[in-house]
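# Results of the structural survey
For reference, the chains in residue letters:
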Amino acid sequence: MARKRIGELLVDKGLMTREQVETALKESQRRGELIGKTMIRLGLVSGEQLLQVLAEQLGIAFYPNLGQLLVSKGLASPQQMEAALRESQRRGEILGKTILRMGVVAEEQFLQVLAEQLGITFAPSLKEVQVADQLIKVVPARFVLHYKFMPLELKGTVMKVAVSDPMAVWVTEDLRLNLGYDIERVLAPEKEIQAAIRRYYGVGSETVEQILTRDVAGREAREAQDLAKVEEIEDVTRSADDASVIKLVNQLLSEAVTSRASDVHIEPFRERVRVRYRIDGILYDMHMPDEMRYLHSAIVSRIKIVSKLNVVERRLPQDGRAIIKIQEQQVDLRISIIPGLYGENVVIRILPVELLLTLEDLGFLPSELKMLQALMQQPHGVVFVTGPTGSGKTTTLYACLSVLNKEAVKVVTIEDPIEYELGGIMQFQVKPEIGLTFAAALRSILRHDPDIVMVGEVRDLETAELAIRTALTGHLIFSTLHTNDAASGATRLLNIGIEPYLIASSVNAFISQRLVRVICPECKTERQDRDLLPEPFRHAAVSYGKGCDACKSIGYRGRTAIHEIILLAPEIQELILNKASAAQIRQRAKALGFRTLFDAGVEKVHMGITTPEEVLRVTEPEALVSAQPVS
Ligand SMILES: [Zn+2]
């Protein structure tokens, strides 16, 4: 091992005695600290001496006059350097560390000077670097975390790694011996290396390592076990209370909140546990270390404890809820657990406890906003919001209700499930298993004399009919329908079995919506190849996100809705009375000035809000729109 060799080297040079080396070795093992660090901390050798010896041995250029170099480059004043030197001696710390800690020179400048001096490459950012999966498999997480480096590339016998501390020369030697490759170093800022480790080795990988290496013998025993027996070998309740498991679960949730994830998926497979975050509607793999497999049941138990679920029950699905505080922000968690082949699958939905949304925030354009406001001022009638699951229908309805929620009116909702709590609004959860269906709840609620009712979803004839009759008796109703576009709303109701005259006389509007991702404002750039885009996008500026820190290189940050609104003008009512097709309704609506989802999308592309790809992902250009309900 390199550790012993460092000791021998220092003894040979007469810088330390054999006894001192032994003491340092024991101490470093006890603390799990690098031997060189222990030696410096114990005052057995100075940082500079240690480096000089190592550098000599490894044939690396040594830079004894770092201070002078920084002064000569004009990066620090002689006074600053003198103060840093005194401080480094007082603390027994390597000068470079002190300089950074005192903020004499910024890390990036400092590393640049060092790299120049050492004749190695400096990489100010690792964001663009693509690391092969194969390489990640070759270098275990525990190595990466212990030595704080990031493997970048493997070419023949040479492995290129990013390090932030070039003074830790022994690291190169340790890596060479342990991994069996020659090591070529690239200098990079510490936070860049940490971000790369998180990206390639997974969130919380450090905690996983800590838990697993704390008891190496126990871990080997566990690995030897048949995987099917994994759930039996640990006292789950105890390990779930373990401070490290708590920390790991907190890290997973906290990173999810920071990444603006809406859901966390924890999925066990035979070999590994996959953790994915849904961010702006798309799932991203968080690349957890394979070893997390052994902690899966402890993690699930911890989640069950937080959400007050039955820890012992592992054969039946369970649903729970928890309100927790993450980074000073209260979040509402909906937990769903379903047993699978290799353990329990967990999906955690993350909801902000308070929803502060205005209609403008939801993406309504000024002309649409005017229509919507007029609809909200109607004394009675139904407004249906349509779109597939995950198109933000409920959020739009909540925002409408928040606007309407005033002292003079009573607002009631019937939902399944209640997604957000709305202050001052009576919200009811349907419970079909005890007979409290949408229709049954609506019947009871009418006796509570509401003015405005939101019915979560209209799926069957009974609910649809009741909602429409309620509207006809002087109530304003908001609801959702599961159809692709606004024009199909009417045909959907006809298909359910509602009489055409009831639709024509009660419905005020069908609004359809989709969510598109918003271009990250930090890295928004104008697109130069717009001639290559489909026809409607070519005629004005088109932007895209290049990818940056703020959007985690995705190029998008957040989502907004695009809408189409069909108002039930007399001409449209007439078509419905004649049981016209969705295509006919659409055609007539267009003649009356109706703008489709696609049109709204194109407008938002030219406004620089989203991209053609996003619009094409969630809508279909005119000719392709189907009149079928979404299955
Ligand atoms: Zn960005």
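A brief look at the structure comes next.

So, how was this worked out
Residues numbered from 1 in each chain as written. Predicted model: local features only at pLDDT ≥ 70, side-chain atom pairs only at ≥ 80, totals over all residues. Heavy atoms only, no water. Helix = DSSP H or I, 4+ residues; strand = E, 2+ residues; numbered from the N terminus. Contact = heavy atoms within 4.5 Å. Buried < 20%, exposed > 50% of the residue type's maximum accessible area, 1.4 Å probe, protein only. Pairing = 2+ DSSP bridges. Axes fitted to C-alpha atoms, helices over the stretch in contact; angles between N-to-C directions. Donors = N, O, S within 2.8 Å, 3.2 Å for Na, K, Ca; no water. Phe/Tyr/Trp six-rings, centres within 6.5 Å; stacked < 30°, edge-to-face > 60°.

Moving on, we get to the overall build of the protein. When helices and strands are counted, the protein shows 27 helices and 19 strands. For the protein, restricting intrachain contacts to residue pairs at least 6 apart in sequence, the fraction spanning at least 24 positions comes to 64%.

Most peptide bonds take the trans form, and the phi angle of most residues other than glycine is negative. Cis geometry marks the peptide bond from Asp416 to Pro417, where omega comes out at -5 degrees. Mapping Pro417 onto the fold places it in the loop between β12 (411-415) and β13 (426-429). One non-glycine residue, Arg260, adopts positive backbone phi at about 60 degrees. Structurally, the position occupied by Arg260 is in the loop between α16 (243-258) and β5 (261-268). In this structure Arg260 comes out as partly exposed when scored by relative accessible area, which is 29%.

As a further point, take the sheet that holds strand β14 (residues 452-455). A sheet is described by the order of its strands in space; here seven strands give the open sequence β13-β12-β14-β15-β11-β16-β19, paired in mixed fashion. Edge positions in the sheet fall to β13 and β19 (556-567), since each has one partner strand and no second. Strand-to-strand twist in this sheet, taken as the mean axis angle between neighbours without regard to direction, amounts to 20 degrees. Bridge analysis of strand β11 (residues 381-386) against strand β15 (residues 476-481) gives six bridges, and the strand direction is parallel. Of the residues in β15, the one forming a bridge with Val383 is Phe478. Against the sheet, helix α21 (residues 461-472) engages β11, β14 and β15, with an angle of about 135 degrees to β11.

For the rest of this paragraph, the subject is the coordination of the zinc ion. For a metal with four tetrahedral donors the ideal donor-metal-donor angle is 109.5 degrees, whereas six octahedral donors ideally subtend 90 or 180 degrees. All of the protein donors around the zinc ion are Cys520 (SG), Cys523 (SG), Cys548 (SG) and Cys551 (SG); their distances to the metal are 2.3 Å. Counting residues between consecutive donors of the zinc ion along the chain gives the motif C-x2-C-x24-C-x2-C. Of the two residues, Cys523 sits in the loop between β16 (507-519) and β17 (524-526) while Cys548 sits in the loop between β18 (543-545) and β19, which places them 25 residues apart along the sequence. When sorted by exposure, Cys523 lands in the same class as Cys548, which is buried.

Right, let's get into the side chain of Thr463. Of note, Thr463 is situated in helix α21. If we ignore the near neighbours within four places in the chain, the residues touching Thr463 are Phe438, Ala439, Val455, Glu457 and Val458.

Scanning all chains against the criterion turns up two aromatic pairs. Seen from their ring centres, Phe384 and Phe510 are 5.8 Å apart, and the 10 degrees between their planes marks the pair as stacked. Here Phe510 lies in strand β16 and Phe384 lies in strand β11, a separation of 126 residues in the sequence. When sorted by exposure, Phe384 lands in the same class as Phe510, which is buried. Between the aromatic rings of Phe537 and Phe598, the centroid separation amounts to 6.0 Å while the plane-to-plane angle is 75 degrees, which identifies the pairing as edge-to-face. In this pair, Phe537 sits in the loop between β17 and β18 while Phe598 sits in helix α26 (residues 597-606), placing the two residues 61 residues apart along the sequence.

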